[in-house]
Amino acid sequence: MSRVAVDKKVLRWAVRRSGLELDDLKKRFPRIRQWETGESHPTLRQLESLAKATLTPLGFLFLTEPPEERLPIPLFRTLQDDALRKPSPDLFEIIQSMQRRQAWMREFLVEQGQKRLSYVKSAQLNEAPESVADRIRSALGLNAEWAAGQRTWTEALRFLREAIEDAGILIVVNSIIENNTHRKLDPMEFRGFVLVDEYAPLIFVNGADFKAPQMFTLAHELAHIFFGSSAAFDLREMQPADVPVEQASNRVAAEFLVPKVDLSRIWASVHDDPERFQKIARRFKVSEIVAARRALDLDLINKEEFLEFYRLYQSKERRASRPEGGDFYVNQNLRVGQRFASTVIRAVKEGKLLYSEAYRLTGLYGKTFERYAASLGFGGA
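Here we summarise the structure given alongside this text. What you are looking at is a predicted structure, and each value in this text was computed from that prediction instead of being measured. (Residues numbered from 1 in each chain as written. Predicted model: local features only at pLDDT ≥ 70, side-chain atom pairs only at ≥ 80, totals over all residues. Heavy atoms only, no water.)

A few words now on the overall build of the chain. Scanning the chain for helices and strands turns up 15 helices and 7 strands. Over its C-alpha trace the chain gives a radius of gyration of 23 Å, about what one expects of a compact globule, namely 21 Å for 381 residues. Projecting the C-alpha coordinates of the chain onto the three principal axes gives extents of approximately 80 × 55 × 40 Å. Within the chain, contacts between residues at least 6 apart in sequence are counted, and of these 69% link residues at least 24 apart. Per element, the accessible surface of the chain, about 18800 Å² overall, is 48% carbon and sulfur. (Helix = DSSP H or I, 4+ residues; strand = E, 2+ residues; numbered from the N terminus. Rg over C-alpha atoms; globule rule 2.2 N^0.38 Å. Contact = heavy atoms within 4.5 Å. Areas by Shrake-Rupley, 256 points an atom, 1.4 Å probe, with all protein chains shown as cover.)

On to the packing of helix α10 (residues 276-284) against helix α11 (residues 288-297), then. In contact at an axis separation of 8 Å, α10 and α11 are set at 105° when each is read in the N-to-C sense. Comparing their axes, α11 and α10 come out roughly perpendicular. Between α10 and α11, the residues in contact are F277, Q278, I280 and A281 and E288, A291, A292 and A295, respectively. A breakdown of the residues in the contact of α10 with α11 according to their chemical character gives 6 nonpolar, 1 polar and 1 charged. (Axes fitted to C-alpha atoms, helices over the stretch in contact; angles between N-to-C directions. Parallel < 35°, antiparallel > 145°, perpendicular 65-115°, else oblique. Nonpolar A, V, L, I, M, F, W, Y, C, P; charged D, E, K, R; others polar.)

The probe, sized like a water molecule, is rolled over the atoms to show the empty space still left. The final tally for this structure, using the stated rule, is 3 cavities of 30 Å³ or more. As a volume, the largest cavity reaches approximately 90 Å³. Along the walls of the largest cavity sit A144, E145, W146, A147, A148, F256, L257, P259, D262, R283 and F284, which together make up its complete lining. Mapped by element, the contributors of at least two residues to the lining of the largest cavity are α8 (244-257) and α10. A volume near 40 Å³ is recorded for the second largest cavity. Taken together, S97, R100, R101, E178, R360 and L361 make up the lining of the second largest cavity. Listed by contribution, the elements that provide at least two residues to the lining of the second largest cavity are α4 (89-111) and α14 (355-362). Of all the elements, α4 adds the most residues to the lining of the second largest cavity, at 3 residues. Residues that form the lining of the second largest cavity fall into these classes: 1 nonpolar, 1 polar and 4 charged. (1 Å grid on protein atoms, 1.4 Å probe; cavity = no way out; pocket = protein on both sides within 12 Å on 5 of 7 lines; lining within 4 Å. Points joined across faces, edges and corners; volume = space filled by probe spheres on them.)

Next comes the structure, spelled out in structure tokens:
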């Protein structure tokens, strides 16, 4: 039986990269210490299993030196201490997966004669937040009272997602790698990321995050597209990293969701009310946590008051949260993105894309892909 020599530095790197220790893998790979010292070597099948267990691309384990992995986009972290942590394999993989989707979509749209989206990279960091927020509303076909017609902030969130997709932006909301429930994304590492492109900009929202901040994450990512800045970010406690584009994006997101003039007008009537944030939330159709965040932006409350409310709200939401469920195929409208999925399925039907490539792009295979296509009205592709 042929065996494969793995460089000990590469082996240690792969294990450390996965967040594990060698001893964590001893039960599954009893001779892993001998592999590390070179006393023995794994078979190819064992090496494939090790790659899977450590979330490492198999080809890396054949190298003689650990590779220098770098995220293709900046990762902005709120806390300086967090900035020293290396990105997880999950973050590398999900960004690369979304880049593949975006690259295919861009190429397809260009071939179809799609024009560039004029709003991408149209804003400057020194512009007034009110000006950029107005431009975002215009690009999405929304007026200043767009949220007022929605009954709740969750309906407003759904409405906003649909308006963003209609404007030509791909949206993916997922809490796991594709449909692998064993690969859960960590919202403490990143709340979302955005990949800027003039034909197919893409927004990814970490669905493992509490739902309440997700509208703010979406608005923050929209601002990044207008500023022309691809990035991932953790927005720890809804606070931006100390870099200009993050600070500017937060200001624009806040103004887009809760205009300064309107909040200032009603603040005097609610500021002493124990339910002030609930009332602001109902008025602007945002979550209470976004309402509190906007009050902080405008110095209507101090940071200590905001953090106290934020942590209490988060604790309450954590207790009330339920495991993900619902209809699998409906969930794919978020995990794959309805606009992207519809374009892929249409390309398959028209003979412009192979099924195998469609499967790879969507993460849905065989009958699952066909049933999802049928749920979108494509008659099983």
